[in-house]
Amino acid sequence: MDIKHAKDYLYWLYYQYLLVTCCYVLEPWEQSMFHTIFITVFAMVVYTAYVFIPIHIHLAFEFFSHIYDDSW
Amino acid sequence: MTRTRVIGSRVGLGFRCRAGVVADPKRPEGAGRMERPEQGLGEPDSHPRANGCSLTGYGALRNGYVRGLPETETEIHHIAHNGGLYKRPFNEAFEETPMLVAVLTYVGYGVLTLFGYLRDFLRQWKIEKCNHASEREEQKDFVPLYQDFENFYTRNLYMRIRDSWNRPICSVPGAKVDMMERLSHDYNWTFTYTGRVIKDVINMGSYNYLGFAQNTGICKEAAAKVLTQYGAGVCSTRQEMGNLDKHEELEKLVARFLGVEAAMTYGMGFSTNSMNIPALVGKGCLILSDELNHASLVLGARLSGATIRIFKHNNMQSLEKLLRDAIVHGQPRTRRPWKKILILVEGIYSMEGSIVRLPEVIALKKKYKSYLYLDEAHSIGALGLTGRGVVEYFGLNPEDVDVMMGTFTKSFGAAGGYIGGKKELIDYLRTHSHSAVYATSLSPPVMEQILTSMKCIMGEDGTTFGKECVQQLAENTRYFRRRLKEMGFIIYGNEDSPVVPLMLYMPAKIGAFGREMLKRNIGVVVVGFPATPIIESRARFCVSAAHTKEILDIVLKELDEVADLLQLKYSRHRLVPLLDRPFDETTYEETED
Ligand SMILES: Cc1ncc(COP(=O)(O)O)c(C=O)c1O
C-alpha cells in the first residue's frame, strides 16, 4: 500500500517536472535529449558540490582560525 | 523599489505585444495592442490614486507584498470611493502573478524556445521535413517572411499543443455538446478524424449565456415556421429588395428592448463594428480605445482613418489624461481642435472578464463633451436584472450612451449585430454604413430566433422563462466564481461577469489542461499568447443559464482533480484592485503616429 503511494507520488513529481520544464509538449526524442542534458548538468553540479564544498569549507575554516589566532 | 518594478509591471514583461494571429482567432492584431515597452511605474508614492480616492487601508496592497494581511477581507468596494457614482458594489480585482510562477513560466518558454531553434536549424539543413510555410526558391534572397516571433511561436510552440483548439463539434452548442474525435499522427501538423463522436461533453466554452442556443423549444419552433414561410436567404441588401417586414419589426423590438429611440440590425456582429465606426468618425477625429478592445473595434478604428490613442484597460485616470491632453493640444502639428472624440469601450471584456466602469466613463464623456461607443456583445442579456446589459447593471440612462452596439450571437443564440441610439444617428447610419448598403440583410429564421428570444427575455411571451434565465445566469456566475475562488484558483474579472478566466500561466499546462478536461468529458477554451500577454495564459469558462447546478458541480469536482494534478491553485488570496494595477503614463506626444 505504502509502496503504491510512494510510486504515485514519484509519478506525480515527475509529471510536475514535465509540466514546469515544458517537456510535456516535446516530442519523445526531444524529451530524451532534454532529460539527458538535465541529468548531466544536475549530476555535474552535485559532483562539483561534493568535491569542492568540503575543501572550501576547510580552507575557510583555516583562514578564519588563522585570523583569530593572530588577533589573540 | 526593484521589487516594485518587477512585480508591478505585470511580471516585468518587456513587451506587451498582443498583435497576432495564432492561438485564439478572436483578437488579431490590435491597434489597441501596439507593441510598446512597458515602462516601470514611477515612484510608488507618487503613483496617482484611483480616481483621486485614497484606498484607505489598502495603500500598501498595490504590489501584493503586504505580509500578514487578513486572508479574505481583501475585496475592494469602490462604491465607497467614487462619490456615489456606483449604485452597487463593484468588486473587480486582479491577483498578481506569483513571483515563482512567473519565473517558472519564463523557464518553460526558455526551454521551448531553445528547442524551437534546434528544430528550425534541423529544418533549414533539411535533416527534418519542413511542414510549415516557407519561402519559395525564387524568394530566397529577399527579406525573410517567416522569421518573426509570431511565426516562430506558431510553428514551434503553438503547433505542439494545437490539438486543444478548433475542435469540430457536431451538435447544438447547448449545455452539452458532441465533439468529433480527432487524432494526429505527426505531432499536430495534420489531423485525421476517426469518425467517432465524443458524446455529451459539458460545454464550458460557448457564449450561450442565456441558454437560447437550442434545437427544441419555442425559439426553434418559431424559426422553423418562419423558415417555411420566408425561406432562409434574403438575397439582397437593406436598401434594395432585402428589407422585410421582419426587419422593421426586429428593429422596433431592439429599440424598445434597449430603451433607445431607434435601432438598426446587421447580418454580422463583427462587421457592425468594423463598418460602422468608419461611418461615424473619419480624418480629423480622435478615437480613444481601450487597450483590450475586440479585434472588430480595432479594425473599425483603423479603417476610419481617425487618429487612435489607447488607454489602459478600464483605467479612468489614463482615459481622463488622454481626453484632457486631446483637448489641450488638439490635432498634431496643426493644433486645430479635434472634430469629434469617440471613446470605444466594451461592456464585458471577453478575455479578462472585467466590466467597464461605465458610470465613470459617462461622467468623463460628459465632462469633456465627447462621444461614447459601447460594445455590449457579451453583456447584453447577460447583465442587469432584466438582461438589458451594463447600462441597466449600473442603473444608468441608455441615452447617455451615444452608440449602443451589441450582437445577437451570444445571449440570443442567433447571429448578427445591432446599433441603437438616437433617431438621427440611426437614420444617418442607414444611408452611410457599408454593412447596410452593401451587405445582405439578416436571414428570416435567424431574425425569428432573435425576436422570440428577446421577447422571452422581456417577458412579452407571457411567461417568466426569460427572466428566470437571466436570474439563473447571475446565480450560476456567482456560484461558479465563488467556488473557484474558494478552491484557490486565480481568476480574473468582475464577480458578476459570466466570463470566467482561470489562470494557467505555464505553456505546458495550457495543453495539459485542455486534454485532461476533455478526458473528463468537459470542453473548455484555453487561451494563449497572441490573445493574452505571453505569461498570462488562461482557460476561459463561459457560464450559461443552461448549466444546472449538478453540471457545475461536476465541472468543479473535475476541475479540483485536474488542478491537483497540474498544480493550478496558485492563489495566495491577495487581490489588487484593477485601478491600482501599474499604469505607465501614456503621454500624448509619445503615442502620436
Ligand atoms: C466585443 C465583441 N464585439 C464584436 C464581436 C463580433 O460579433 P460576431 O461574432 O457576432 O461577429 C465579438 C465576438 O466575439 C465581441 O466579443
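Bear in mind that the values here come from a model prediction, so they are computed numbers and not experimental data.

Participant: How would you explain the overall build of chain A if you had to name every residue and give the values?
Facilitator: The helix and strand tally for chain A stands at two helices and zero strands. Here the C-alpha atoms of chain A give a radius of gyration of 21 Å, more than 25% beyond the 11 Å that 2.2 N^0.38 yields for 72 residues. Seen through its principal axes, chain A has C-alpha atoms that stretch 65 × 35 × 15 Å. Looking at chain A as a whole, 22% of its 72 residues qualify as buried. Accessible area for chain A stands at about 5,900 Å²; split by element, carbon and sulfur atoms hold 77% of it.

Participant: I'd like a rundown of the UniProt feature "transmembrane region" (unreviewed entry) in chain B, residues and numbers included.
Facilitator: Taking the UniProt record as the reference, the feature "transmembrane region" (unreviewed entry) is found at residues 99-118 of chain B. This span, residues 99-118 of chain B, is 100% helix and 0% strand, and a straight line between its end C-alpha atoms measures 29 Å.

Participant: Would you mind going over the environment of Arg196(B) in detail, with residue names and values included?
Facilitator: Residue and element names in this part refer to chain B. Residue placement: Arg196 occurs in strand 3 (residues 192-203). For Arg196, a relative accessible area of 53% gives the class exposed. It is 34 Å that separates the C-alpha atoms of Arg196 and Glu448, two residues lying 252 residues apart in sequence. Once you skip the residues sitting within four places of it in the chain, Arg196 turns out to touch Met179, Met180 and Glu181.

Participant: Before we move on, can you summarise the interface of chain A and chain B with the specific residues and values?
Facilitator: Each partner contributes residues to the interface: chain A has 16 residues there, and chain B has 23 residues. Carbon and sulfur atoms make up 70% of the area that chain A and chain B hide from each other, which totals about 1,800 Å². Joining chain A to chain B, the criterion identifies three salt bridges. For Glu30(A), the salt bridge is made with Arg160(B), and the minimal N-O distance between the two is 2.9 Å. Our enumeration of links across chain A and chain B arrives at five residue pairs in polar contact (both at pLDDT 80 or more).

Participant: I'd like to hear about the pattern of salt bridges, residue by residue, with values.
Facilitator: Residues and elements named next belong to chain B. This structure, assessed with the given rule, holds 39 salt bridges over all chains. Residues Glu460 and Arg256 are paired through a salt bridge, measuring 2.6 Å at the closest nitrogen-oxygen approach. Placement of the pair is Glu460 in the loop between helix 13 (444-458) and helix 14 (465-487) and Arg256 in helix 5 (residues 245-258), with a sequence separation of 204 residues. Across the salt bridge formed by Arg478 and Glu495, the nearest N and O atoms sit 3.4 Å from each other. Taken together, the residues Arg478 in helix 14 and Glu495 in the loop between helix 14 and strand 11 (499-503) connect sequence positions 17 residues apart. With relative accessibility at 40%, the residue Arg478 sits in the partly exposed group.

Participant: Got a sec to walk through the layout of surface pockets? Specific residues and values, please.
Facilitator: Residue and element names in this part refer to chain B. The space that makes up the second largest pocket amounts to roughly 630 Å³. Lining the second largest pocket are 18 residues, with Gln124, His132, Ser134, Glu135 and Gln147 sitting closest to its centre. Those elements that provide at least two residues to the lining of the second largest pocket are helix 2 (99-124) and helix 3 (149-156). For the lining of the second largest pocket, the leading source of residues is helix 2, giving five residues. Its residues assigned to classes, the lining of the second largest pocket shows seven nonpolar, five polar and six charged.

Participant: Outline the sheet that holds strand 2 (residues 176-183) of chain B, supporting the account with residue identities and numerical values.
Facilitator: In sheet architecture, strand pairing relies on hydrogen bonds along the backbone and comes in two forms, parallel and antiparallel. Residues and elements named next belong to chain B. Spatially, three strands are ordered 2-3-12 in an open sheet, and the strand pairing comes out mixed. Since the sheet does not close on itself, it has two edges, and those belong to strand 2 and strand 12 (522-523), each with one partner. Direction of pairing for strand 2 relative to strand 3: antiparallel, over a ladder of six bridges. The partner of Arg182 across the bridge, within strand 3, is Tyr193. The strands touched by helix 16 (residues 549-566) are strand 2, strand 3 and strand 12; relative to strand 3, the strand with the most contacts, the crossing angle is about 115 degrees.

Participant: Account for the sheet that holds strand 13 (residues 525-527) of chain B, with residues named and values stated.
Facilitator: All names here are of chain B. Ordered by their spatial adjacency, three strands build an open sheet running 11-14-13, and the pairing between neighbours is antiparallel. Bordering the open sheet on either side are strand 11 and strand 13, each of which pairs with just one other strand. Mean inter-strand twist for the sheet, computed between neighbouring axes without regard to direction, equals 30 degrees. Pairing of strand 11 with strand 14 (residues 538-542), which is carried by five bridges, proceeds in the antiparallel orientation. When the sheet's bridge partners are listed, Met503 is paired in strand 14 with Arg538. Seen against the sheet, helix 14 touches strand 11 and strand 14 and runs at an angle of roughly 15 degrees to strand 11.

Participant: Before we move on, can you summarise the UniProt feature "transmembrane region" (unreviewed entry) in chain A with the specific residues and values?
Facilitator: All names here are of chain A. Using the residue numbers shown here, the UniProt feature "transmembrane region" (unreviewed entry) corresponds to residues 9-27 and 33-53. Across residues 9-27 one finds 68% helix and 0% strand; the C-alpha atoms that close the span lie 24 Å apart. For residues 33-53, the end-to-end C-alpha separation is 29 Å, with 100% helix and 0% strand making up the annotated structure.

Participant: How would you sum up the state of the cysteines? Please name residues and give values.
Facilitator: Covalent bonding between the sulfur atoms of two cysteines defines a disulfide. All names here are of chain B. As enumerated under the stated definition, the model contains zero disulfides over all chains in all. The structure places no disulfide on Cys469, whose sulfur is separated from the nearest cysteine sulfur, that of Cys456, by 6.4 Å. Residue Cys469 is classed as buried on the basis of its relative accessible area of 9%. As a non-bridged cysteine, Cys542 has Cys469 as the owner of its nearest cysteine sulfur, 16 Å distant. Looking at Cys542, the relative accessible area reads 1%, which means it is buried.

Participant: Please give an account of the domain arrangement of chain B that cites residues and values.
Facilitator: Residue and element names in this part refer to chain B. Looking at chain B, the domain boundaries give domain 1 (162-211 + 465-566) and domain 2 (218-463). One C-alpha centre belongs to domain 1, the other to domain 2; they are set 27 Å apart. Listed as interface residues are 22 residues of domain 1 and, on the opposing side, 21 residues of domain 2. Buried area between domain 1 and domain 2, both sides added, is near 1,800 Å², and the carbon and sulfur share of it is 61%. Between domain 1 and domain 2 we count one salt bridge in total. A salt bridge links Glu352 to Arg538; its shortest N-O distance comes to 2.9 Å. Viewed at the interface, domain 2 and domain 1 are joined by nine residue pairs in polar contact (both at pLDDT 80 or more). The set of elements that each furnish at least two residues to the side of domain 1 that touches domain 2 consists of helix 14, strand 11 and strand 14. With six residues, the single largest contributor to the side of domain 1 that touches domain 2 is helix 14. Among the residues making up the side of domain 1 that touches domain 2, the classes are represented as twelve nonpolar, five polar and five charged.

Participant: Account for the UniProt feature "domain: Aminotransferase class I/classII large" (unreviewed entry) in chain B, naming residues and giving values.
Facilitator: When the UniProt feature table is mapped onto this chain, "domain: Aminotransferase class I/classII large" (unreviewed entry) is found at residues 199-558 of chain B. Span residues 199-558 of chain B is 43% helix and 16% strand, its end C-alpha atoms 17 Å apart.

Participant: Tell me about the packing of aromatic side chains, and please be specific about residues and values.
Facilitator: Within this structure, the stated rule accounts for 28 aromatic pairs over all chains. Judged by centre distance (6.5 Å) and plane angle (50 degrees), the rings of Tyr11(A) and Tyr14(A) are tilted. With Tyr11(A) and Tyr14(A) both in helix 1 (residues 2-21) and three residues apart, this pair spans about one turn of that helix. The class of Tyr14(A) is partly exposed, set by a relative accessible area of 36%. Measuring from ring centre to ring centre gives 5.7 Å for Phe149(B) and Phe529(B), while their planes differ by 70 degrees; the resulting arrangement is edge-to-face. Taken together, the residues span a long stretch of sequence, with Phe149(B) in helix 3 and Phe529(B) in the loop between strand 13 and strand 14 at a distance of 380 residues. Through a chain of ring-to-ring contacts, the aromatic side chains of Tyr11(A), Tyr14(A), Tyr15(A), Tyr17(A), Tyr24(A), Phe34(A), Phe38(A), Phe42(A) and Phe115(B) assemble into a single cluster.

Parameters at a glance
- Residues numbered from 1 in each chain as written.
- Chains lettered and ligands numbered in written order.
- Predicted model: local features only at pLDDT ≥ 70, side-chain atom pairs only at ≥ 80, totals over all residues.
- Heavy atoms only, no water.
- Helix = DSSP H or I, 4+ residues; strand = E, 2+ residues; numbered from the N terminus.
- Rg over C-alpha atoms; globule rule 2.2 N^0.38 Å.
- Buried < 20%, exposed > 50% of the residue type's maximum accessible area, 1.4 Å probe, protein only.
- Areas by Shrake-Rupley, 256 points an atom, 1.4 Å probe, with all protein chains shown as cover.
- UniProt positions renumbered as here; feature names shortened; annotations may be inferred.
- Contact = heavy atoms within 4.5 Å.
- Buried area = accessible area lost by both parts, 1.4 Å probe.
- Salt bridge = Lys/Arg side-chain N within 4 Å of Asp/Glu carboxyl O.
- Polar contact = N/O pair within 3.5 Å; in protein donor to acceptor, adjacent residues only side chain to side chain.
- 1 Å grid on protein atoms, 1.4 Å probe; cavity = no way out; pocket = protein on both sides within 12 Å on 5 of 7 lines; lining within 4 Å.
- Points joined across faces, edges and corners; volume = space filled by probe spheres on them.
- Nonpolar A, V, L, I, M, F, W, Y, C, P; charged D, E, K, R; others polar.
- Pairing = 2+ DSSP bridges.
- Axes fitted to C-alpha atoms, helices over the stretch in contact; angles between N-to-C directions.
- Disulfide = S-S within 2.5 Å.
- Domains from an automatic or database assignment.
- Phe/Tyr/Trp six-rings, centres within 6.5 Å; stacked < 30°, edge-to-face > 60°.

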